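Chain by chain, the residues run as shown.
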Amino acid sequence: MKKNINIPDELFRLKIKELAEETRIKFAKKGLSDIFDILSEIAFLIRKPLDVEGLSGFITYYEDRFVVYLNSSFSLGHERYTGAHELYHIMYNKDILKKEKVFIDENKYEEEEMKADVFAAEFLMPEDYVKEIFLKTVNVDKDNVEPRHVIRMHNYFKVSYKAMLKRLVQLNLCSQKRYFQLLDISTLERKDELQSITMEEGFNIDLIIPSNENYIPREYLIYVKANYENGKISYNEMEEILMFIGLTPEKLGY
Amino acid sequence: MPKYEIGKKIKAFREERGLSQSKVVEELAQLGINMSRETLSKIENNSRSISAIELKAISDVFGVDMDDFFDEEESEDLVTFFRRKNYSQNTLKEISQLQEMVKIFIEQEKIYKKEKY
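For clarity, every value in this text was computed on a predicted model and none was experimentally measured.

Here we take up the side chain of E79 of chain A. All names here are of chain A. Structurally, E79 is set in helix α3 (residues 76–92). Its relative accessible area of 1% is what places E79 among the buried residues. Within the structure, the side chain of E79 is placed 3.5 Å from the side chain of S211, a separation counted as a polar contact. Those residues in contact with E79, other than ones at most four positions away along the chain, are F36, R47, L70, N71, S72 and S211.

Below you can see the structure in the form of structure tokens.
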């Protein structure tokens, strides 16, 4: 296991925190707070399980719009984090995206990738609220944090166990020494143990298993349905289109 | 793409991969192509032309097709982007299906909006 928690520089984090707050307020004004709802609003969001060698997701500028793809064969918590990472690219890397068309290269824009990661943590786990929830639901010394405490917190913020743990260390609510002990339970080999403590704590295990969701923005379903009803596409065409997202005309009432 | 653009493209591919000129030259030597770092630099600045054999070896080092050096214009093809980053055939197939899906849904939007307005 990597013996480096890799916490960003505090001044750097505070700058990105401002951006995350700005973005959160922007969407809150429209009544949007869920990361998937936000991405659907500003991009063509695809959530689909694909076996693509560790690719959590990517963003591209395609046919004059932003397309965000999230691999739903990763755990839901991980997928939401990837979504927030891609949100940063849409909000703050528009120019690069329009020029380069796709963000998949970690090397070329290393700093932007790092900012996107810090943004994701700040966006999904706001500092003050994490502290408040920690005091309300955990409230132990930073050397005494246990897996069940992290589980309580990560279910509250709907992120992965690991992302929450790292955030607790970053905000000095959990010690670095405990980090490595607590991290071990999130490994694949110990997944049954994590699932069982999660259930003992009264949560379901949705965040720590893949959703395998098939999703495209709802308005596109409206377009397909309307095009069929207006005789613009045939039943067979509609059937083929729906197949991409695991739907059938029957499921839509046809 | 005009011939003088090839150098620019080589430089861009090299930088994308975070490789130094010396490293590229080293890898070329392993493929049996002896080129000095200075020569590679000249090629990148378009002050020396590149032979087909040298270009083939460079495309092997970068893991791209030789065709990628001759793109007429910025491609809109997602598969091309992923191919440049050395993803496997299986991934490229999946990406190609994703791309097809996006195209089809965007087409449905166009049909719908034409109908409405």
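Residues and elements named next belong to chain A. If you walk across this open sheet you meet the four strands as β1-β3-β2-β4, and the pairing is mixed. Edge positions in the sheet fall to β1 (44–48) and β4 (102–103), since each of these pairs with one other strand and no more. Looking at chain direction, β1 and strand β3 (residues 65–71) are connected through five bridges and run parallel. By the bridge assignment for β3, F44 is matched with V67.

All names here are of chain B. Running from amino to carboxyl end, helix α2 (residues 21–30) crosses helix α4 (residues 52–62) at an angle of 110°, the nearest separation of the two axes being 10 Å. Relative to α4, the element α2 lies roughly perpendicular. Note on packing geometry: the crossing formed by α2 with α4 is right-handed. Contacts between α2 and α4 involve V24, E27 and L28 from the former and A57, I58, V61 and F62 from the latter. In the contact of α2 with α4, the residues fall into six nonpolar, no polar and one charged.

So, on to a positive patch on the surface. The grouping of K26, K29, K94 and K98 of chain A at the surface amounts to a positive patch. By the element assignment, K29 of chain A lies in the loop between α1 (10–28) and α2 (35–42).

For the rest of this paragraph, the subject is the pairing of β3 of chain A. All names here are of chain A. The element β3 is largely enclosed, with a buried count of six among its seven residues. With six bridges joining them, strand β2 (residues 57–62) and β3 adopt antiparallel strand pairing. Within β3, the position partnered with Y62 by the bridge is R65. Linking β2 back to β3 in an antiparallel pair, the connection comprises two residues, with E63 at a positive phi of about 50°.

Take the side chain of Q108 of chain B next. In this fold, Q108 of chain B is placed in helix α6 (residues 89–116). When sequence neighbours within four positions are dropped, the list of residues in contact with Q108 of chain B reads Y223, V224, N227, I233 and I241 of chain A.

Further remarks concern the UniProt feature "domain: HTH cro/C1-type" (unreviewed entry) in chain B. The sites that carry the UniProt feature "domain: HTH cro/C1-type" (unreviewed entry) are, in the present numbering, residues 10–69 of chain B. What you have in residues 10–69 of chain B is 60% helix and 0% strand, and the ends, taken at the C-alpha atoms, are 8 Å apart.

All names here are of chain A. A cluster of like negative charges, contributed by E18, E21, E22 and D128, occupies part of the molecular surface. Ranked by residues supplied to the negative patch, first place goes to α1 with three residues. Among the secondary structure elements, E18 is positioned in helix α1. Here E18 falls in the exposed class, since its relative accessible area comes to 57%.

Rules used in this analysis
Residues numbered from 1 in each chain as written. Chains lettered and ligands numbered in written order. Predicted model: local features only at pLDDT ≥ 70, side-chain atom pairs only at ≥ 80, totals over all residues. Heavy atoms only, no water. Helix = DSSP H or I, 4+ residues; strand = E, 2+ residues; numbered from the N terminus. Buried < 20%, exposed > 50% of the residue type's maximum accessible area, 1.4 Å probe, protein only. Polar contact = N/O pair within 3.5 Å; in protein donor to acceptor, adjacent residues only side chain to side chain. Contact = heavy atoms within 4.5 Å. Pairing = 2+ DSSP bridges. Axes fitted to C-alpha atoms, helices over the stretch in contact; angles between N-to-C directions. Parallel < 35°, antiparallel > 145°, perpendicular 65-115°, else oblique. Left-handed = near helix turned anticlockwise from the far one by under 90°. Nonpolar A, V, L, I, M, F, W, Y, C, P; charged D, E, K, R; others polar. Patch = residues over 30% accessible without salt bridge, like charges linked within 9 Å, V, L, I, M, F, W, Y side chains within 5 Å. Areas by Shrake-Rupley, 256 points an atom, 1.4 Å probe, with all protein chains shown as cover. Salt bridge = Lys/Arg side-chain N within 4 Å of Asp/Glu carboxyl O. Lys, Arg positive; Asp, Glu negative; His and termini not counted. Charge placed at Lys NZ, Arg CZ, Asp CG, Glu CD. UniProt positions renumbered as here; feature names shortened; annotations may be inferred.

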